[in-house]
Amino acid sequence: MAGAVAAIVAAEESARTTLVEKGKEPEGNTWVSLGGISCPDDAGRAKEYLQSLFERSHSVMDEKLLDVYAQMSPNNLEWLKQTGKSIGIDVSFREYGKPAYPDHPGAETMHKWMTICRRKSSVNGLFHILSNALADRGVSVLMETTAKKLLQDKDGQIIGMTLERGGRDVNVKARRAVVLATGGFQNNDDLIRNFSRGYPIYYGGGPGNTGDGIRMAMQVGADLWHMNSISCAIGVKVSEYDVAFRFSLPSIHHDYQEGPAWFLVDQYGRRFTNEMGVDVHSWNLVLDYFDPVKEEYTRIPSYAILDESTRKKVSLVNSRMGWGKKTGYRWSADNSREIERGWIVKGETIEELAHMISITETNRGRMKEERLRTTLEVYNSYCNEKNDYEFDRPAECLKPLGEAPFYALPLYPRLLNTQGGPRRNAKAKVLRPDGKPISRLYSAGELGSLWGMIYEGGSNLSECIVTGRIAGRNAAREKAWD
Ligand SMILES: Cc1cc2nc3c(=O)[nH]c(=O)nc-3n(C[C@H](O)[C@H](O)[C@H](O)COP(=O)(O)OP(=O)(O)OC[C@H]3O[C@@H](n4cnc5c(N)ncnc54)[C@H](O)[C@@H]3O)c2cc1C
């Protein structure tokens, strides 16, 4: 998304523009995302809201960049609409979702939208608009071409790149500038282990995001920021597939009036959070707890514990979301196929369930029958009193587990995307540690995102449009060096 927007805008500024993608098809996050775009309706209130999230998280904030984002993001839908119109594509939008943190000032302005375009899903609609606009603007798109290295002259300015194509390295001149838009590093195990906590973490987004842009930018002297900020859901990982599937229960609020009847426990059978209160992008902050006494991540995997009524009523996984959809696997509506496969653990009683969990490869005896039984009894008593004394789960979704058999679904951090990377300024220029820009080097999108530890859903794609536009325009307006 960020690369496409930057290329479209640069070409509109009359620059000869090439977009390089290492996959046969785009292998990043955009094309498996939900396609939701944040488009606030008041720049001032949007800034208040986003600033308030930074204050709460203590993540590093660049006020000028935030100002530019707040001013430009209310125009996101209009930009998409006009881009569509210029190539004869009708684009409209449907509002969805709510601000993730409604108590922060300015929350009322944080609207989120899905793109509607020729009956396609939101994200396929976006793809349709952008790919047609790229062709229309004459951008040459090189697939299966990997950017390997930035080339600098003796003064440190960026003058081109080494690209690998068909097994050969080619040095390509960039007369005006290079825009890096290689996404994040969710599929680089080394970077993940260096910059975030929790193990194992499985990917839910595109496999192409291996932090290449971070390495390239570091080699030419870039500063880094937001490396500890990741957008991480909770998901299901089975040995047959590399990718983590999307766990449905926390967000879908099926039958919200009454439940659904389930709770979450750690490896030892203890509850540890308000299961219905965690924003879908923040699960790592709950799951990455490392117990220094036991010397282990006691919440990886965790287990969703549920009863027969929930099992029959709710499909626990939506396997059509994220990169999981590429596997073609379809999770059964009543979860029966996955019980047969052994992906969901079953017990005729809660004690038997604890025993069955304890003999799994990942638990190895940690789960004790009396602990899980006590957790169930205490949780059910909270449901009866309509008061979760420990974690404040809302009364309307406190539904007791009753009907046997009981089930446990192992759950892992499901990494959607990372935010960190080379630091950029309000002109989308990549900065060195001394705050000075690296000449002729720009970045856009998730690579070195402006977002910190608390993230508002829909803001990554929104940032792709905003920073893609800035980077594309400024890169094209650089004076050619030859
Ligand atoms: C399941 C899921 C749902 C999401 N839903 C939303 C949502 O609804 N709203 C929202 O705002 N955000 C959402 N996100 C986050 C959002 O999708 C990403 O932050 C955003 O798409 C990043 O876009 P990008 O253009 O910066 O990078 P990407 O779309 O990830 O693209 C980067 C591209 O660079 C390519 N690349 C990498 N290295 C190289 C190299 N060396 N040479 C050449 N090419 C290279 C990759 O193959 C990839 O295609 C979601 C993420 C996931 C995983």
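What comes next concerns the included structure. (Residues numbered from 1 in each chain as written. Predicted model: local features only at pLDDT ≥ 70, side-chain atom pairs only at ≥ 80, totals over all residues. Heavy atoms only, no water.)

**Side note on the layout of surface pockets**
For step 1, the next point in the chain: Volume-wise, the second largest pocket comes out at about 610 Å³.
For step 2, the next point in the chain: Lining the second largest pocket are 25 residues, and of these Pro-301, Glu-361, Thr-362, Pro-410 and Tyr-412 lie nearest its centre.
For step 3, the next point in the chain: Contributing elements (two or more residues each) for the lining of the second largest pocket: strand 16 (296-297) and strand 20 (406-418).
For step 4, the next point in the chain: Taken together, the residues of the lining of the second largest pocket sort by class into 13 nonpolar, five polar and seven charged. (1 Å grid on protein atoms, 1.4 Å probe; cavity = no way out; pocket = protein on both sides within 12 Å on 5 of 7 lines; lining within 4 Å. Points joined across faces, edges and corners; volume = space filled by probe spheres on them. Helix = DSSP H or I, 4+ residues; strand = E, 2+ residues; numbered from the N terminus. Nonpolar A, V, L, I, M, F, W, Y, C, P; charged D, E, K, R; others polar.)

**Examining the environment of Thr-145**
For step 1, the next point in the chain: Here Thr-145 lies in strand 6 (residues 145-152).
For step 2, the next point in the chain: Taking C-alpha positions, Thr-145 is 5.6 Å from Glu-21, a pair spaced 124 residues apart along the chain.
For step 3, the next point in the chain: Discounting residues that sit within four places of it in the chain, Thr-145 has contacts with Val-20, Glu-21, Lys-22, Leu-163, Glu-164 and Arg-165.
For step 4, the next point in the chain: There is a polar contact of 2.8 Å between the side chain of Thr-145 and the backbone oxygen of Met-143. (Contact = heavy atoms within 4.5 Å. Polar contact = N/O pair within 3.5 Å; in protein donor to acceptor, adjacent residues only side chain to side chain.)

**Quick notes on empty space enclosed by the protein**
For step 1, the next point in the chain: What the rule picks out here adds up to one cavity of 30 Å³ or more.
For step 2, the next point in the chain: The volume enclosed by the largest cavity comes to roughly 50 Å³.
For step 3, the next point in the chain: Residue lining of the largest cavity: Leu-50, Leu-53, Phe-54, Ser-57, Ser-59, Trp-451, Gly-452, Met-453 and Ile-454, and that is the complete set.
For step 4, the next point in the chain: Here the residues of the lining of the largest cavity sort into six nonpolar, three polar and no charged.

**Here's the deal with the pairing of strand 7 (residues 158-165)**
For step 1, the next point in the chain: Note that strand 6 and strand 7 share seven bridges and pair antiparallel. Bridge pairing links Leu-150 to Met-161 in strand 7.
For step 2, the next point in the chain: The hairpin formed by strand 6 and strand 7 contains five residues between the paired strands, and Gly-156 there has a positive phi angle of roughly 95 degrees.
For step 3, the next point in the chain: In this sheet, strand 8 (residues 168-173) lies alongside strand 7 in antiparallel orientation, the contact comprising six bridges. The residue bridging Thr-162 from the neighbouring strand is Asn-171, located in strand 8.
For step 4, the next point in the chain: Connecting strand 7 to the antiparallel partner strand 8 that follows it, the hairpin turn spans two residues, and Gly-166 within it adopts a positive phi of roughly 60 degrees. (Pairing = 2+ DSSP bridges.)

**Looking at the sheet that holds strand 8**
For step 1, the next point in the chain: The sheet built from three strands is open, its strands ordered 6-7-8 with antiparallel pairing. Since the sheet does not close on itself, it has two edges, and those belong to strand 6 and strand 8, each with one partner. Strand-to-strand twist of the sheet, defined as the mean angle between neighbouring strand axes without regard to direction, takes the value 25 degrees.
For step 2, the next point in the chain: Strand contacts of helix 7 (residues 212-219): strand 6 and strand 7, with the helix running at about 15 degrees to strand 6, the strand carrying the most contacts. (Axes fitted to C-alpha atoms, helices over the stretch in contact; angles between N-to-C directions.)

**Some points on the site of the ligand**
For step 1, the next point in the chain: The environment of the ligand is made up of 36 residues, and the closest members are Glu-21, Thr-30, Gly-36, Asn-209 and Glu-446.
For step 2, the next point in the chain: Interatomic distance of 3.0 Å between a backbone N/O atom of Gly-28 and an oxygen atom of the ligand.
For step 3, the next point in the chain: Contact distances for the ligand include 3.4 Å between an oxygen atom and a backbone N or O atom of Gly-35.
For step 4, the next point in the chain: Here the ligand, which alone exposes 1000 Å², has 94% of that area covered by the protein.
For step 5, the next point in the chain: Looking at the shell around the ligand, the elements with two or more residues in it are strand 6, strand 20 and helix 14 (459-476).
For step 6, the next point in the chain: Among the residues forming the shell around the ligand, the class breakdown is 12 nonpolar, 19 polar and five charged. (Near = heavy atom within 4 Å. Areas by Shrake-Rupley, 256 points an atom, 1.4 Å probe, with all protein chains shown as cover.)

**Quick notes on the side chain of Glu-446**
For step 1, the next point in the chain: Secondary-structure assignment places Glu-446 in the loop between strand 23 (437-443) and helix 14.
For step 2, the next point in the chain: Of the buried charged residues, Glu-446 lacks a salt bridge, with Arg-424 as the closest side chain of opposite charge at 9.7 Å.
For step 3, the next point in the chain: Aside from chain neighbours lying at most four places away, what touches Glu-446 is Asn-29, Gly-183, Gly-184, Gln-186, Asn-209, Asn-417, Thr-418, Gln-419 and Gly-420. (Buried < 20%, exposed > 50% of the residue type's maximum accessible area, 1.4 Å probe, protein only. Lys, Arg positive; Asp, Glu negative; His and termini not counted. Salt bridge = Lys/Arg side-chain N within 4 Å of Asp/Glu carboxyl O.)

**What to know about the environment of Arg-215**
For step 1, the next point in the chain: Along the chain, Arg-215 turns up in helix 7.
For step 2, the next point in the chain: Put simply, Arg-215 and Gly-88 are 127 residues apart on the chain and 40 Å apart in space, counted from C-alpha to C-alpha.
For step 3, the next point in the chain: Aside from chain neighbours lying at most four places away, what touches Arg-215 is Asn-188, Asp-190 and Leu-191.

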